[in-house]
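The residues making up each chain are set out below.
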Amino acid sequence: MEQQLLRDKTQTPVILEETLKESLAFLANLSDRPAGLRTAPPIEDHLAEEGVGSLAALSSFQEQFSAGLSGSPGPRYLGFVTGGSTPAGIAGDWLTSVIDQNVASAGDSSASQVEYQAVNWLKALFGIDDTYSGTFVSGATMSSFTGLAIGRQWVGQELGVDIGHEGLAAIGLIPVLSGCAHSSVFKALSMLGMGRSSVQRLPLQEGREAVDLAALRKALAAQKGRPCIVVANSGTVNSVDFDDLQAIGQLKKEFPFWLHVDAAFGGFAACSPQYAHFMEGINAADSITIDLHKMLNVPYDSAIQLTRHSELQQAVFQNSGARYLEVDAAEVPFVHLTPENSRRFRALPTWFSLKAYGRAGFRDLVERNVTLAKQLGDWIDRSTHFTLLSPVHFNVVCFTLDAPQHELAARINQFLSALTHDGRVFLTPSEWKGTPCIRAAFSNWQTQESDLFIIQQALQEVMLSYQQ
Ligand SMILES: Cc1ncc(COP(=O)(O)O)c(C=O)c1O
């Protein structure tokens, strides 16, 4: 064995202890770190012939990059929809690296059983019935990619074509109807060869981001009985609006379509009796996307993909013809169900989190974050510097600055740069019905009312200093 590897092998306990110290120091100072920061420390291009060993690598990492790491898993990082990592999530993720199981084939480890159990618990948490099967993927984008791939296969089957075998060219364009599809849906369609332009953007309800049902019905009728795909949105990024899944599900009785639901973070509404009505009708979906590195607060990267069409899923993702991968197993091995062949044991942090905190833990996380978002929304509404653009339905506050429309985008960028530089809170820009806006997305287990106070102070002070 190479000398440095050999030394590391004998020093493994010290290496892990030092890594633990570094981890604890990061967590202890998380709240004091700049929530977000723009930094680009110089990078070394030269790869040395001789390695320095893990302990020296850890020191180098600390020196070179530690100060530049943001407090994104902390309580006042409100950009995008970024969850933190709970202690159970971290514990599960650490073990995932240490035990290093490849959850591709069944029959050689108990890891697949953990994944099945975690999937069942997630279905229970989100009110999804037993007819669905689920797999872990890296994020909502890959989950939607997988769901839409199965939808593509279903459309082919309806038209008598096995797309997995013959290719998409055998049927041509598949229309994808949606009100307010997330950008990742367009990316998935590009990767699937279905094309970004296959999306027909339908009109939205007045003042909302939910699809206009009459427009959806009309667009479905215009397909003249040819099967298509509908992407419903459970939690749009700006105002967290929800399509009416029950009404869309009813349309399946009249029109042939595959219903894909992007519930990347809105799916967490199901965790609370106060918000569960947003997700009513979810069991009409053919495929569902829910992100776990968002409100489940497991470390990046993790999402669940659910479908009630496991055979079609296998038709797409079958990794056939490789005898060496076949292991005798009662269940279909994951290698035949997801885009990846080799797979990280991504289910373990989720298993730990659900075991550690149960339904009550996530009910509290969701309700607390939504309450904080609503409180910030009320404060924005009363403020003289900001304008609330949409009622706060769930965990995101969507607002803008008081400035002439033509200056708004530039003013928002300047304001957000100043806010990032201040470091107490991190927010990201967006656009609400043509108006440049700012989003504050609450999705962290540690965010408390005391943070809200700091956030409001930061917004107010940065706005005043910036106006001077
Ligand atoms: C509604 C929605 N769908 C999909 C995604 C893509 O998620 P990921 O970055 O995990 O792929 C996001 C990310 O914020 C989202 O909010």
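Residues numbered from 1 in each chain as written. Predicted model: local features only at pLDDT ≥ 70, side-chain atom pairs only at ≥ 80, totals over all residues.

As for the overall build of the protein
Regarding its fold elements, the protein presents 14 helices and 11 strands. Seen along its three principal axes, the alpha-carbon backbone of the protein occupies a region of about 65 × 60 × 45 Å. Across the 468 residues that make up the protein, the buried fraction comes to 44%. Looking at the protein alone, contacts between residues at least 24 apart form 74% of all its contacts between residues at least 6 apart. (Helix = DSSP H or I, 4+ residues; strand = E, 2+ residues; numbered from the N terminus. Buried ≥ 20, exposed ≤ 12 C-beta atoms within 10 Å, placed from the backbone. Contact = placed C-beta atoms within 7 Å.)

Section: the pairing of strand E7 (residues 303–307)
Most of E7 sits inside the fold, with 5 of its 5 residues counted as buried. Judged by which residues are buried, E7 turns out to be covered on both faces: Ala303, Gln305 and Thr307 on one side and Ile304 and Leu306 on the other are all buried. Across 5 bridges, strand E1 (residues 133–137) lies against E7 in antiparallel orientation. Residue pairing in the sheet places Ser133 in a bridge with Thr307 of E7. Judged from the 5 bridges that link them, strand E6 (residues 287–291) and E7 form a sheet pairing that is antiparallel. Its bridge partner lying in E7, Ser287 is registered against Thr307. (Pairing = 2+ DSSP bridges.)

Brief notes about the nonpolar core
By size, the foremost hydrophobic cluster in this structure holds 119 residues, and its most contacted members are Ile229 and Val397. Here the element with the most residues in this core is helix H12 (residues 347–382); it accounts for 14 residues. Aside from chain neighbours lying at most four places away, what touches Val397 is Ala373, Leu376, Gly377, Ile380, Val392 and Ala440. (Core = buried A, V, L, I, M, F, W, Y, C linked by C-beta atoms within 7 Å.)

With respect to the site of the ligand
In the vicinity of the ligand there are 14 residues, among which Gly139, Ala140, Thr141, His182 and Ala264 approach most closely. A breakdown of the residues in the shell around the ligand according to their chemical character gives 7 nonpolar, 5 polar and 2 charged. (Near = placed C-beta within 6 Å. Nonpolar A, V, L, I, M, F, W, Y, C, P; charged D, E, K, R; others polar.)

What about the environment of Ser59?
Residue placement: Ser59 occurs in helix H3 (residues 54–65). Ser59 sits in the partly exposed class, given 13 other C-beta atoms within 10 Å. In this structure, the C-alpha to C-alpha distance between Ser59 and Arg226, residues 167 residues apart in sequence, is 61 Å.

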